[in-house]
Amino acid sequence: MERKIILENIEIDGIRLLEVYRENGGYKSIEKALKTMTPDEVVAEVKTSGLRGRGGAGFPTGMKWSFIDKKSGNPRYLVCNADESEPGTFKDRYLLEHIPHRLIEGMICSAYALGANKAYIYVRGEFKSIIGILNEALKECYKAGLLGKNILGSGYDLDLHVHTGAGAYICGEETALLESLEGKRGNPRLKPPFPAIKGLYGCPTVVNNVETLANIGWIVNNSGEEYAKIGIGRSTGTKLISACGNINNPGVYEIELGLPVEEFIYSDKYCGGVKGGKELKAVIPGGSSVPILPKNLILNTLAGEKRLMSYESLSEGGFITGSMLGSGGFIVYDEDACIVRNTYNFSRFYHHESCGQCSPCREGTSWLESVLHRIENGQGKMKDIDLLVSIASKIEGNTICPLGDAAAWPVAAAVRHFRSEFEFHVLHPEIVKNVKHGSLEKYLEIPVLTAE
Amino acid sequence: MNEKLFKYKLYVKNNNDVSFTPETLAKIQTIISHYPDGQHKSALIPILHIAQEELGGSLNVDIMDYVAGLLNITPIEVYEVATFYSQFYIDPVGKYVIEVCQTGPCAICGGEDIMNYLEEKLKIKVGETTGDKLFSLKAVECLGACGSAPVMQVNTEFHEFLDMQKIDEIIAKLRNESELTKPEELTWKERLS
Ligand SMILES: Cc1cc2nc3c(=O)[nH]c(=O)nc-3n(C[C@H](O)[C@H](O)[C@H](O)COP(=O)(O)O)c2cc1C
Ligand code: SF4
Ligand code: FES
């Protein structure tokens with residue numbers, strides 16, 4: 001079923017402008033929340049909706065909000081995470097570019113619910129044009145009395161500003177983001193204390209993803225109960241999926257949670273199948289930090305059930321045979337993709353982006369990169385493959401922030417599901433040295449023998 | 001001490017006079033006003049973007065010390081931020097900094113070929129600047145536009161769905177307009193305030 005919440009009306013000409021957005025029902029939720037509901041009632045609706053964080057971890061939003069310290073007497077802050085830098089993820093950029101007021105509307109309701117009078121949108125520095133778009137939109141809101149003092153005569157004040165990063169993936173991690181917003185290096189903080197207690201400037205803070213906040217207006221207008229009817233089980237609502245890689249229709253799609261993965265990949269409404277009529281080889285369903293799954297395990301679970309686009313179904317089987325919905329960065333690989341090269345590429349990414357605070361991550365990502373580089377270039381040994389697994393297991397769970405895990409999991413998964421490709425690289429250095437991408441087996445006349 | 005010992009020429013102060021125009025300073029005051037009293041250090045990253053754009057394309061010690069003075073913070077607080085974030089350049093760069101995405105999704109959609117082609121075309125390697133100081137070539141990580149891979153940015157403006165022909169057109173266009181000044185609305189200063 002087609003269901004649009006976040007991207008509703010996105011096709012309307014000029015929807016980026018306040019006037020057009022309002023003509024189409026925009027900002028109605030502000031009147032309702034600020035004038036007819038108490039902050040706690042808004043929080044309660046969000047709890048009922050079952051909305052879960054769309055930034056990657058999927059933590060229930062209403063619950064996160066209820067942790068905010070309202071007793072400290074310090075000012076409270078709402079911060080929107082628009083750092084979007086997880087490889088494969090480009091949904092927030094799409095939303096902000098086309099319908100920035102959806103986010104601002106959601107943020108006004110959310111800040112009201114949290115009792116925050118100041119809020120920031122942290123946008124990655126590479127999205128310079130988006131920063132311009134957001135500032136235009138904010139100016140329109142200030143002029144129309146939707147931001148600033150005494151919003152629409154409700155007595156509630158809110159200042160909302162855009163802040164920019166300058167090229168650091170780690171600033172997507174919420175505590176690194178707060179450091180960066182304070183004008184410092186993006187070094188994640190040890191938790192606890194959690195931001196809800198000590199966040200921005202040491203004050204109670206909630207950090208939410210763009211897409212999470214963009215849902216709030218709809219929930220206020222239509223109730224949490226209605227929202228909870230959309231989706232499947234504990235995966236309520238819709239999700240933006242950014243699909244890329246070897247597919248016919250790369251782009252951003254809003255799907256109702258629960259859509260079968262197979263339909264998402266092959267239907268012309270979505271990915272439109274694998275490009276060039278090739279076979280599907282593997283998918284990373286939730287951004288580069290989640291485990292890669294081979295064709296059979298992405299379409300069906302190990303138990304033979306159809307895999308669905310939902311938090312639960314994608315993680316069915318744990319990390320042995322499952323993956324995660326993550327940020328919704330859906331990367332598709334065709335039969336000619338080289339998993340080793342791809343894994344090497346991502347570990348270079350994580351090594352580059354490690355902030356360097358903890359040694360398992362700083363040193364471990366460097367090791368992963370160099371061992372994978374060696375294998376990819378035909379200089380690897382069989383024992384290097386187990387070395388990868390061993391390094392990954394030593395990073396996992398031993399770091400300040402989850403970037404370490406995000407670097408380790410994909411490597412472990414790639415070796416688990418595609419071990420024969422790693423072995424091929426070790427056994428056929430002459431081929432891998434000359435062929436940089438593509439399926440390598442086809443350069444062999446005889447079938448590959450693996451150690452398995 | 002021997003200058004060559006340092007990777008960054010971070011400690012070499014030339015004592016050149018640097019300053020923003022009064023108009024830019026006014027914009028900067030607006031940006032500082034976005035943060036609570038006493039938290040003006042928050043404006044550091046936005047100001048460094050503006051400084052880099054208006055004062056020569058990269059940051060040097062003179063510029064960083066000037067920014068420290070503006071915000072009333074110590075120079076080291078500026079250096080540590082400037083060296084952490086990949087969009088800030090400590091070494092001089094060309095007028096146009098071309099940043100090609102090299103991460104997974106772009107790589108499997110032809111990103112590697114784009115990089116090779118640019119190296120050939122500009123006759124420089126990644127990390128270098130052309131002799132006429134017009135182009136610098138850099139490899140960067142995912143730009144958040146993987147659906148339109150392969151992707152690159154030129155001075156933080158996106159170019160998507162790249163192929164060789166598009167590269168030819170972009171480079172030719174940049175060569176042609178290199179004498180013109182940048183439209184005001186495309187600057188950091190305008191977009192941030
Ligand atoms: C290394 C790393 C990078 C992250 N990058 C992002 C990001 O770009 N955008 C985002 O919304 N969340 C990102 N997150 C998740 C945030 O830490 C945080 O959980 C999220 O912003 C919370 O919002 P949500 O509950 O609305 O999802 C990242 C986490 C880690 C560990
Ligand atoms: S896990 Fe990595 S990125 Fe996270 S704090 Fe430690 S070193 Fe930094
Ligand atoms: S991988 Fe190139 S933009 Fe994301």
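All values derive from a computational prediction rather than experimental measurement.

Could you clarify how one ought to interpret the site of ligand 1 in this entry?
Residue and element names in this part refer to chain A. By nearness alone, 18 residues border ligand 1, and Gly55, Asn81, Asn208, Asn209 and Thr212 come closest of all. With respect to ligand 1, the backbone of glycine 55 contributes an N or O atom lying 2.7 Å from an oxygen atom. A distance of 3.2 Å is found between an oxygen atom of ligand 1 and a backbone nitrogen or oxygen belonging to glutamate 84. No other element matches strand S4 (residues 205-209), which puts three residues into the shell around ligand 1. Classifying every residue of the shell around ligand 1 by side-chain character gives four nonpolar, eight polar and six charged.

What exactly am I supposed to notice about the interface of chain B and chain A here?
Note on interface size: it is often stated as the accessible area lost on association of the parts. Listed per partner, the contact involves 48 residues of chain B and 58 residues of chain A. Taken together, the two surfaces of chain B and chain A that pack against each other cover about 4000 Å², and 56% of this comes from carbon and sulfur. Between Glu160(B) and Arg93(A) there is a salt bridge, with the nearest N and O atoms lying 2.8 Å from each other. Our enumeration of links across chain B and chain A arrives at 25 residue pairs in polar contact (both at pLDDT 80 or more). Contributing elements (two or more residues each) for the side of chain B that touches chain A: helix H2 (44-54), helix H4 (75-82), helix H5 (104-122), strand S4 (157-159) and helix H7 (188-192) of chain B.

What exactly am I supposed to notice about the pairing of strand S2 (residues 135-140) of chain B here?
In regular strands, side chains alternate between the two faces of the sheet. In the sheet, strand S1 (residues 96-101) of chain B pairs with S2(B) via six bridges, with the strands oriented parallel. By the bridge assignment, Val100(B) is partnered in S2(B) with Ala139(B).

Quick question: what am I supposed to make of the pattern of salt bridges here?
Two side chains that carry opposite charge are able to pair once their charged atoms sit near each other. Within this structure, the stated rule accounts for 41 salt bridges over all chains. Among the salt bridges present, the one from Arg419(A) reaches Glu423(A), with a minimum N-O distance of 3.4 Å. Here Glu423(A) and Arg419(A) lie together in helix H19 (residues 403-427), a separation of four residues that amounts to about one turn. Glu423(A) gets classed as buried once you look at its relative accessible area, which sits at 3%. In this structure, the salt-bridge partner of Glu23(B) is Lys189(B), at a minimum N-O distance of 3.5 Å. Here Glu23(B) is found in helix H1 (residues 22-32), whereas its partner Lys189(B) is found in helix H7, with 166 residues between them in sequence.

Could you clarify how one ought to interpret the sheet that holds S2(B) in this entry?
The strands that make up a sheet are held in pairs by hydrogen bonds between backbone atoms, and each pair lies either parallel or antiparallel. Residue and element names in this part refer to chain B. The strand order across the open sheet built from four strands is S2-S1-S3-S4, with neighbouring strands paired in mixed fashion. In the strand order of this sheet, the two ends are held by S2 and S4, each with one partner. Direction aside, the axes of adjacent strands within the sheet are offset by 25° on average. Where strand S3 (residues 152-154) lies against S4, three bridges are found, and the strand directions are antiparallel. From the neighbouring strand, valine 154 faces S4, where its bridge partner is glutamate 157. The sheet contacts of H5 involve S1, S2 and S3, and relative to S1 the element is tilted by about 150°.

Please explain the packing of aromatic side chains as it appears in this structure.
Each pair of aromatic rings is reported with the distance of its centres and the angle of its planes. By the definition in use, this model includes 19 aromatic pairs over all chains. Taking the centre distance of 5.5 Å and the plane angle of 15° together, the rings of Tyr120(A) and Tyr35(B) count as stacked. Taken as a pair, Tyr120(A) in strand S2 (residues 118-123) and Tyr35(B) in the loop between H1 and H2 lie in two separate chains rather than in one. Across the pair, Tyr35(B) and Tyr120(A) agree in class, each one buried. With centroids separated by 5.0 Å and ring planes inclined at 85°, the aromatic side chains of Phe264(A) and Phe330(A) adopt a geometry described as edge-to-face. Linking Phe264(A) in helix H12 (residues 261-266) with Phe330(A) in strand S13 (residues 329-334), this pair joins segments that are 66 residues apart in sequence. Both residues of the pair, Phe264(A) and Phe330(A), belong to the buried class.

Which parts of the structure should I look at to understand the site of ligand 2?
Near ligand 2 you find 13 residues, and of these Cys355(A), Gln357(A), Cys358(A), Cys361(A) and Cys401(A) are the closest. Taken together, the residues of the shell around ligand 2 break down into eight nonpolar, five polar and no charged.

What is the right way to read helix H16 (residues 339-353) of chain A from this model?
Counting along an α-helix, one turn takes 3.6 residues, and residues three or four places apart therefore face a common direction. Taking 1.5 Å per residue as the helical rise, H16(A) with its 15 residues ought to reach 21 Å, and the 21 Å between its terminal C-alpha atoms agrees with that figure. In terms of residue burial, H16(A) counts as a mostly covered element, since 13 of its 15 residues are buried.

Hey, could you run me through the packing of helix H2 (residues 28-36) of chain A against helix H6 (residues 100-114) of chain A in this one?
Each pair of packed helices gets described by two things: the angle between the helix axes and the distance between those axes. Residue and element names in this part refer to chain A. At a minimum axis separation of 9 Å, H2 and H6 run at an interaxial angle of 10°. On the basis of the axis angle, H2 is roughly parallel to H6. Taking contact as the criterion, the partners of Lys28, Ser29, Ile30, Ala33 and Leu34 in H2 are, on H6, Glu105, Ile108, Cys109 and Tyr112. Class assignment for the residues of the contact of H2 with H6 results in six nonpolar, one polar and two charged.

What is the right way to look at the domain arrangement of chain A in this model?
Residues and elements named next belong to chain A. The domain architecture assigned to chain A consists of domain 1 (18-225), domain 2 (235-334) and domain 3 (339-449). Between the C-alpha centres of domain 1 and domain 2 the distance comes to 28 Å. Facing the 19 residues of domain 1 at the interface are 24 residues of domain 2. Of the roughly 1500 Å² buried between domain 1 and domain 2, counting both surfaces, carbon and sulfur atoms make up 51%. At the junction of domain 1 and domain 2, the tally comes to two salt bridges. Note that glutamate 211 is salt-bridged to lysine 239, the shortest N-O span being 2.8 Å. At the boundary of domain 1 with domain 2, the tally comes to 16 residue pairs in polar contact (both at pLDDT 80 or more).

Sorry if this is basic, but what is going on with the packing of helix H17 (residues 359-376) of chain A against H19(A) here?
Residues and elements named next belong to chain A. Remark: H17 packs on H19, axes separated minimally by 12 Å, with the N-to-C direction vectors making an angle of 20°. Considered as vectors, H17 and H19 are oriented roughly parallel to each other. The chirality of how H17 crosses H19 is left-handed. Packed against H17, whose contacting residues are Cys361, Thr365, Leu368, Leu372, Ile375 and Glu376, the element H19 presents Leu403, Gly404, Ala407, Val411, Phe422, His425 and Val426 at the interface. Partitioned by chemical class, the residues of the contact of H17 with H19 number nine nonpolar, three polar and one charged.

What is the right way to look at the sheet that holds strand S7 (residues 238-245) of chain A in this model?
Residues and elements named next belong to chain A. Ordered by their spatial adjacency, five strands build an open sheet running S8-S7-S13-S10-S11, and the pairing between neighbours is mixed. Edge positions in the sheet fall to strand S8 (251-256) and strand S11 (293-294), since each has one partner strand and no second. Examined bridge by bridge, strand S10 (residues 280-284) and S11 share two bridges and lie antiparallel to one another. Its bridge partner being in S11, alanine 282 is matched across the sheet by proline 294. The strands touched by H16 are S10 and S13; relative to S10, the strand with the most contacts, the crossing angle is about 15°.

Conventions and cut-offs
- Residues numbered from 1 in each chain as written.
- Chains lettered and ligands numbered in written order.
- Predicted model: local features only at pLDDT ≥ 70, side-chain atom pairs only at ≥ 80, totals over all residues.
- Heavy atoms only, no water.
- Near = heavy atom within 4 Å.
- Polar contact = N/O pair within 3.5 Å; in protein donor to acceptor, adjacent residues only side chain to side chain.
- Helix = DSSP H or I, 4+ residues; strand = E, 2+ residues; numbered from the N terminus.
- Nonpolar A, V, L, I, M, F, W, Y, C, P; charged D, E, K, R; others polar.
- Contact = heavy atoms within 4.5 Å.
- Buried area = accessible area lost by both parts, 1.4 Å probe.
- Salt bridge = Lys/Arg side-chain N within 4 Å of Asp/Glu carboxyl O.
- Pairing = 2+ DSSP bridges.
- Buried < 20%, exposed > 50% of the residue type's maximum accessible area, 1.4 Å probe, protein only.
- Axes fitted to C-alpha atoms, helices over the stretch in contact; angles between N-to-C directions.
- Phe/Tyr/Trp six-rings, centres within 6.5 Å; stacked < 30°, edge-to-face > 60°.
- Expected span 1.5 Å × (residues − 1).
- Parallel < 35°, antiparallel > 145°, perpendicular 65-115°, else oblique.
- Domains from an automatic or database assignment.
- Left-handed = near helix turned anticlockwise from the far one by under 90°.

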